[in-house]
Amino acid sequence: GSFQFSTARIPSSTWTGMRALLLLLVVAVATVECLHEELYCGHSSCYDVLEISPNASLQEIRKSYRRLSMIRHPDRNKSPNAEEEFRQLATAYETLRDEGSRKDYDDYLESPEEYYRHMYRYYSRKAAPKIGVMPVLLLLVTAITIFKYFSDQSKFDATLSFNLFDHINRKRVKAIAEADGKINRKMKKDEEEAVIREYMERELVAKTHWRRPTVWDLFAVRLLLSPITFVQYLGWLGSWHYRINIQKQEFTKEDQLYLLSKHFNMSIRQYEMVDEEERELHQERQLWIKENFDAYTEEKKEEELEKNRNSGRHKQYKRWLKRRDDAPFNYNDD
């Protein structure tokens, strides 16, 4: 009369399916239970919070967030936990809308037991500054501009001070200022020093083509004007090629000056400060032509070698070599 449950009529394949379904439920429950409260959406799945599937696209994520935010906003949701629910919704959206964050979260769902690894990823991404590329570039350019400006200013002041402390240069510049009537005996010492400094700075600029940095020398300004400068250079290069290589025109005075300054590794302003007799020799030898300049350079090298051979120091060195070669060889360092 007692009731007995029989499993004889239940197929084995059905039991296998039931066991698999039960195992999946256990794994799902265990996964949710393993989720940590302080990471991402807490014990809830961010996909469940947004009411989407794990395979949802970014467009579906945005659409679901807009829909749910209208419903769960604290102004419309009168539930006691409205603020917490809306905060969780926003967290779910921030987690899944970013590709990198979503990848980390999917990895977290697959292996929630690796708590410390996921905690590091979560907080390192959360603490990372959310700054775009442009602000970083602007900050970098500004820093370089400020550093380069003060660096160039400091270098110029150091060079000027060095020349002011040089007795010979100072005496020469003072004589020029006195000849111009800028310095007289009635002047105070600090006024005289200011005039000497002004004249020394002028001479430094004239001889080295180096001046105090201005607005046009700022790195940011030069960077902004670089496209214009590049276009101007291309225009000049095209004009040069057309005149010299195609039309076979003779070099103008400006062309000769440019080539001479380039061969001697100077700026045009620096080359103009070279002794006039030396520049006339360059013109006679036509040193703006590369072959003539190479021959001139070799001659200068030979002259320098010959001068060294005939110098007293070189003769003294040869006598020392001869004495050393005549000395008997031994292993004694003395």
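Scroll up to find the structure this text is about.
The residue count restarts for each chain, going from 1 along the sequence in the order it is written. Residue-level local features of this predicted model are given only where pLDDT is at least 70; pairs of side-chain atoms are given and counted only at 80 or more, and the full residue set underlies all totals for whole chains, interfaces and linings. To get the side-chain values, take all heavy atoms of the structure and skip hydrogens and water.

Novice: Is there a simple way to explain the overall build of the protein chain in this structure?
Specialist: Each helix is a run of DSSP H or I of at least 4 residues and each strand a run of E of at least 2, with the numbering of both proceeding from the N terminus. The helix and strand inventory of the protein chain stands at 15 helices and zero strands. Out of the 334 residues in the protein chain, the part that is buried amounts to 21%. Contacts are residue-level and defined by heavy atoms, with any inter-residue pair within 4.5 Å sufficient. In the protein chain, of all internal contacts separated by at least 6 residues, the share reaching a separation of at least 24 is 51%. Accessible areas in this description were obtained via Shrake-Rupley with a 1.4 Å probe; residue shielding takes into account the shown protein chains only. For the protein chain, the exposed area adds up to about 25,900 Å²; of that, 57% sits on carbon and sulfur atoms. Relative accessibility thresholds used throughout: buried, under 20% of the residue-type maximum; exposed, over 50%; partly exposed, between the two (1.4 Å probe, protein chains only).

Novice: Looking at this structure, how should I read helix 5 (residues 99–110)?
Specialist: The periodicity of an α-helix, 3.6 residues per turn, causes residues three or four positions apart to be oriented the same way. What a helix is expected to span follows from its residue count: subtract one and scale by 1.5 Å. The end-to-end C-alpha distance of helix 5 is 17 Å, a good match for the 16 Å that 12 residues give at a rise of 1.5 Å each. Taken together, the buried positions of helix 5 are Ser101, Arg102, Asp104, Tyr105, Asp107 and Tyr108. Contacts made by the buried residues of helix 5 are with helix 2 (46–50), helix 3 (58–72), helix 4 (82–97) and helix 6 (115–127).

Novice: For this particular structure, what's the right way to read the packing of helix 4 against helix 5?
Specialist: Helix axes are fitted only over the stretch in contact, all axes being lines through C-alpha atoms; the angle between N-to-C directions runs from 0 to 180 degrees. Where helix 4 meets helix 5, the axes come as close as 5 Å, and the angle between the chain directions of the two elements is 105°. Viewed along their axes, helix 4 and helix 5 adopt a mutual orientation that is roughly perpendicular. Along its contact with helix 4, which presents Glu94, Thr95, Leu96 and Arg97, the element helix 5 presents Glu99, Ser101, Arg102 and Tyr105. Here the term charged refers only to Asp, Glu, Lys and Arg, the term nonpolar to Ala, Val, Leu, Ile, Met, Phe, Trp, Tyr, Cys and Pro, and the term polar to all other amino acids, Gly among them. Tallied by class, residues from the contact of helix 4 with helix 5 come to two nonpolar, two polar and four charged. Throughout, the term roughly parallel applies to angles under 35 degrees, roughly antiparallel to angles over 145, roughly perpendicular to angles from 65 to 115, and oblique to all others.

Novice: How do you make sense of unusual backbone geometry when you look at a structure like this?
Specialist: Note: most peptide bonds trans; most residues except glycine with negative phi. The backbone of glutamate 51 sits at a positive phi, close to 60°, despite the residue not being glycine. Position of glutamate 51 among the secondary structure elements: in the loop between helix 2 and helix 3. One non-glycine residue, lysine 248, lies in positive phi territory at about 55°. For lysine 248, a relative accessible area of 62% corresponds to the exposed category.

Novice: It is not clear to me how the state of the cysteines should be interpreted in this structure. Could you clarify?
Specialist: The definition used for a disulfide is geometric: two cysteine sulfur atoms within 2.5 Å. Under the definition given, this model contains one disulfide. There is a disulfide in this structure between cysteine 41 and cysteine 46, and the S-S distance comes to 2.2 Å. Here the S-S torsion is close to 110°, and the disulfide linking cysteine 41 with cysteine 46 is therefore right-handed. We note that cysteine 41, like cysteine 46, is buried.

Novice: I keep staring at the environment of threonine 214 and nothing clicks. Help me out?
Specialist: Within the fold, threonine 214 resides in the loop between helix 9 (189–208) and helix 10 (219–246). For the pair threonine 214 and tyrosine 149, spaced 65 residues apart in sequence, the C-alpha separation works out to 8.5 Å.

Novice: Got a minute to help me understand the pattern of salt bridges in this structure?
Specialist: Oppositely charged side chains may form a pair once their charged atoms are brought near each other. Salt bridge, as used here, is a side-chain nitrogen of Lys or Arg placed within 4 Å of a carboxyl oxygen of Asp or Glu. As enumerated under the stated definition, the model contains 19 salt bridges in all. As a salt-bridge pair, arginine 121 and aspartate 107 come within 2.9 Å of each other at their nearest N and O atoms. Note that arginine 121 is positioned in helix 6 and aspartate 107 in helix 5, a separation of 14 residues in sequence. Exposure remark for arginine 121: the relative accessible area of 29% places this residue in the partly exposed category. Among the ionic pairs, arginine 212 bridges to aspartate 157, the shortest N-O distance being 2.6 Å. Of this pair, arginine 212 sits in the loop between helix 9 and helix 10 while aspartate 157 sits in helix 7 (residues 133–165), placing them 55 residues apart in sequence. One salt-bridge network, in which partners are shared between bridges, spans Asp104, Asp107, Glu114, Arg117 and Arg121.

Novice: Could you clarify how one ought to interpret the side chain of histidine 118 in this entry?
Specialist: Checked against the element boundaries, histidine 118 lands in helix 6. A distance of 2.7 Å separates a polar atom in the side chain of histidine 118 from the backbone oxygen of serine 111. The residues contacting histidine 118, other than those within four sequence positions of it, are Leu39, Asp107, Tyr108, Ser111 and Pro112. Counted as a polar contact is a pair of N or O atoms within 3.5 Å, where, for protein atoms, one must be capable of donating a hydrogen and the other of accepting one, and residues adjacent in sequence contribute only when both atoms are in side chains.

Novice: Honestly, a negative patch on the surface in this entry has me stumped. Any pointers?
Specialist: Exposure above 30% relative accessible area and the absence of a salt bridge qualify a residue for a patch, where like charges join within 9 Å and nonpolar side chains (Val, Leu, Ile, Met, Phe, Trp, Tyr) within 5 Å. Positive residues here are Lys and Arg, negative ones are Asp and Glu, while His and the chain termini are left out of the count. For charged residues, the charge sits on one atom: NZ in Lys, CZ in Arg, CG in Asp, CD in Glu. Together, Asp275, Glu276, Glu277, Glu280 and Glu284 line one region of the surface with negative charge. For glutamate 280, a relative accessible area of 42% puts it in the partly exposed group.

Novice: Explain the packing of helix 7 against helix 10 to me, please; I cannot follow it from the model alone.
Specialist: For any two helices packed against each other, the geometry is given by the interaxial angle and the distance between the axes. Look at helix 7 against helix 10: their axes get within 8 Å of each other, and the N-to-C directions meet at 120°. By the angle between their directions, the pair helix 7 and helix 10 is classed as oblique. From helix 7, Val141, Ile144, Thr145 and Lys148 reach across to helix 10, where they touch Phe219, Ala220 and Leu223. In the contact of helix 7 with helix 10, the residues fall into five nonpolar, one polar and one charged.

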